[in-house]
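# Secondary and tertiary structure notes
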Amino acid sequence: MELRLEKSGPAPPEDCAALFYGSAIYERYFQGGDRLERALCRAAERGELYLARTDTGELAGAMRVVMDGFCGLYPYLCLIGVGEAYRSRGVGSFLMDRLEEMGRAAGARRVSLMVSDFNTGAQAFYRRRGYWLLGDLPDGARPGITERVMLKDLTPPQGKPRG
């Protein structure tokens, strides 16, 4: 399957929210109400929503990236979702590759993200990609949930490599 990245227009595609259905993030943060739709609309309005489309034009994944989102220093991955039919098929890796390319193109030394403590599968995915734990934020986004701040060095580290 070939994928291409495109920036969303000023409004997200109608089927964008469905990419998150059935995910741990959707279940804990967005189920019920229209919080996800509002978040996607804000991201699209701000030019921060990127879409992964298949060679046939199907929407396979999406991510929100704030280019100066981590203390004004590093691109920050705010949200990532992959449609259920496309999970474990390389779409998440495709999106992460594009995030890292965007960071390099912007001259950033690192990229950043937060991942919830309950989302152990995502934590392992990020670690395999070279992300390392900066620290934990208890009750960071929701009471009772710790957010784990993770970074990836985009340039070779000075001195001893992280392990």
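Scroll up for the structure.
Structural notes, computed from the coordinates. (Residues numbered from 1 in each chain as written. Predicted model: local features only at pLDDT ≥ 70, side-chain atom pairs only at ≥ 80, totals over all residues. Heavy atoms only, no water.)

## A word on the environment of methionine 102
Among the secondary structure elements, methionine 102 is positioned in helix α3 (residues 91–105). With 35 residues separating them in the primary sequence, methionine 102 and methionine 67 have C-alpha atoms 8.3 Å apart. In contact with methionine 102, other than residues within four places in its own chain, are Tyr50, Met63, Val65 and Met67. (Helix = DSSP H or I, 4+ residues; strand = E, 2+ residues; numbered from the N terminus. Contact = heavy atoms within 4.5 Å.)

## A closer look at the sheet that holds strand β3 (residues 59–70)
Pairing is mixed in the open sheet, where seven strands are placed in the order β1-β2-β3-β4-β5-β7-β6. Here the strands that pair on one side only, and so sit at the sheet edges, are β1 (3–7) and β6 (132–142). On average, each strand axis in the sheet is tilted by 30° relative to the strand beside it, whichever way the strands run. Of the strand pairs in this sheet, strand β4 (residues 74–82) and strand β5 (residues 110–116) are connected by two bridges, and their pairing is parallel. (Pairing = 2+ DSSP bridges. Axes fitted to C-alpha atoms, helices over the stretch in contact; angles between N-to-C directions.)

## Section: the pairing of β5
In regular strands, side chains alternate between the two faces of the sheet. In terms of residue burial, β5 counts as a mostly covered element, since six of its seven residues are buried. You can see the chain leave β4, run along α3 and come back into β5, and the turn it takes is right-handed. Two strands pair when backbone bridges link them, and β5 and strand β7 (residues 145–153) are joined in this way by seven bridges, in the antiparallel orientation. If you follow leucine 113 over to β7, its bridge partner there is methionine 150. (Buried < 20%, exposed > 50% of the residue type's maximum accessible area, 1.4 Å probe, protein only. Right-handed = clockwise from strand over helix to strand, strands pointing away.)

## Notes on the side chain of serine 116
Tracing the chain through its elements places serine 116 in strand β5. A polar contact is formed between the side chain of serine 116 and the side chain of glutamate 147, at a distance of 3.0 Å. When residues no more than four places from it in sequence are discounted, the contact partners of serine 116 are Ile25, Tyr29, Gln123, Ile145, Thr146 and Glu147. (Polar contact = N/O pair within 3.5 Å; in protein donor to acceptor, adjacent residues only side chain to side chain.)

## A word on the pattern of salt bridges
Inspection of the entire model under this criterion finds 10 salt bridges. Arginine 129 is paired through a salt bridge with glutamate 100; the nearest N and O atoms lie 3.3 Å apart. Of the two residues, arginine 129 sits in the loop between α4 (120–128) and β6 while glutamate 100 sits in helix α3, which places them 29 residues apart along the sequence. Both residues of the pair, arginine 129 and glutamate 100, count as buried. (Salt bridge = Lys/Arg side-chain N within 4 Å of Asp/Glu carboxyl O.)

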